[in-house]
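Architecture at a glance
Single-letter residue listing:
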Amino acid sequence: MNDLHLTRRHFVRGFTFTGITTVGLARSRVLATKTPTALPPIGKTPGVRQVGNASITDASEAAQLAVSLAQQSAAAGTFGVGGLLVDGHGRILAEAVNSVLIGGALYDPTCHVERQLIDWFTTNQGRTRFARDDLTIVNSLDPCAMCAGAIIRSGMKAVSVSEDTEAGIQAARNAGPGLEALKQQVSRHFAFFAVRGGRSQSGIINSPKLRSSIAEALVADAKQAVFASVADVRQTVGKDSNRAATPWQPVASMLSKIDELAARLSKLFERVGSPINVHRAKDRAQLWRVVAKSNCALVDSRGYVITSVKRDWSNAVTGSSVMNAVRLYTHLRRLAAEMLNIELPSSRHCSLIMHQAPHSEAEMLMELGAIGSFLECGFRRSRPGIPT
Ligand SMILES: [Zn+2]
């Protein structure tokens, strides 16, 4: 990783990346899992609203809507970022607010605007109705690494109102030599609006309606929306789950309950069965069996496997095992506390073990960005990239 020149800060948005381990390179398999009665489905795109027949007429209108959605996100107590998905004619297909926190609690670390819009589109609009490169996500803030990887993999474009010099993908483009192929992809997929009396348009904007300039005040509003939200989010995430519950103990009876609940939550969880510690030589065959089936195992600070998660083969863009683990563990942890009175370890104290490395640089970018959000450690330092 030393020659990537994409520093740790590019993979996180206000969180701290603490570690990832990759073991083996063998091809993983998917085995059929017998799933007990499922819990009510948990939304992957709770912040998305489909839009009827509305269109934007120019860049200012699109940017204004993205900033307005960012302000709505901040007012709801989550990261102040907003965005919309438009086609080549300027029609708005959907709009989205950030949903990392919902109702004052951590909901899903991957519920960023861009990831949600991509999943909404691939789930609801089919694969043939639109050419992907005809679709543009207009967002209030330069995308993070996770969303940038997802956008590249989706084939869509993105145009941003405001820079994020700390964690934005377009800041990483100028970070020095290394990952040239990925930087070229970033140049093709990401752009900034031109600002009247300020910056020129950067990057390629496909839709003619998005090529006009926007007012500087909109950029300031977009920055203010995210900056104003950070302190509240910091406080909420920092307090993360101090519930009085039975602590996690990796004994067979506890794992059995967790496995049962996980299977009810999603067919993507793979059963762990009995305690496995990655540091114990005698457990290695069992560890290999679990990660070969699932590709991604979640491990606590002592090295015990908590659960493992498979790839979603129906979702070619964001359905990797790591993305699913990041997305689903927060739900599993909440349900374990509510239904079993078991407090699973905070994600900040966990590591992920992968059976296979990511298949492409874009997938790597997406997964590292997601892990950065997952292994969050609160907000212990200021964010110099966001002006005060
Ligand atoms: Zn993001």
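In this report, the structure presented in the accompanying data block is examined.

Cut-offs used in this document
- Residues numbered from 1 in each chain as written.
- Predicted model: local features only at pLDDT ≥ 70, side-chain atom pairs only at ≥ 80, totals over all residues.
- Buried ≥ 20, exposed ≤ 12 C-beta atoms within 10 Å, placed from the backbone.
- Helix = DSSP H or I, 4+ residues; strand = E, 2+ residues; numbered from the N terminus.
- Arc of directions from axis to C-beta.
- Contact = placed C-beta atoms within 7 Å.
- Pairing = 2+ DSSP bridges.
- Axes fitted to C-alpha atoms, helices over the stretch in contact; angles between N-to-C directions.
- Parallel < 35°, antiparallel > 145°, perpendicular 65-115°, else oblique.
- Nonpolar A, V, L, I, M, F, W, Y, C, P; charged D, E, K, R; others polar.

Points about helix 5 (residues 180-189)
Residues separated by three or four positions in an α-helix point in the same direction, a consequence of the helix having 3.6 residues per turn. Turning to helix 5, its buried residues number three or more, namely L182, Q185, V186 and H189. Down the axis of helix 5, the smallest arc covering the buried residues is 105°, so these residues share one side. More than 90 degrees from the buried face of helix 5, the exposed residues found are E180 and Q184. Tucked into the core, helix 5 has its buried residues touching helix 3 (145-154), strand 8 (157-162), helix 4 (169-172), strand 9 (190-192) and helix 10 (361-374).

A look at the sheet that holds strand 4 (residues 92-97)
Overall, mixed pairing links the 6 strands, which are arranged 2-4-3-7-8-9 in an open sheet. Edge positions in the open sheet fall to strand 2 (48-50) and strand 9, since each of these has one partner strand only. The average undirected angle you get between the axes of adjacent strands in this sheet is 20°. In terms of strand pairing, strand 2 meets strand 4 through 3 bridges, oriented antiparallel. Bridging from a neighbouring strand, R49 pairs with E95 of strand 4.

Looking at the packing of helix 5 against helix 10
The contact between helix 5 and helix 10 brings their axes to 10 Å, and the two run at 80°. Viewed along their axes, helix 5 and helix 10 adopt a mutual orientation that is roughly perpendicular. Taking contact as the criterion, the partners of A181, L182 and Q185 in helix 5 are, on helix 10, E361, A362 and L365. Split into classes, the residues belonging to the contact of helix 5 with helix 10 amount to 4 nonpolar, 1 polar and 1 charged.

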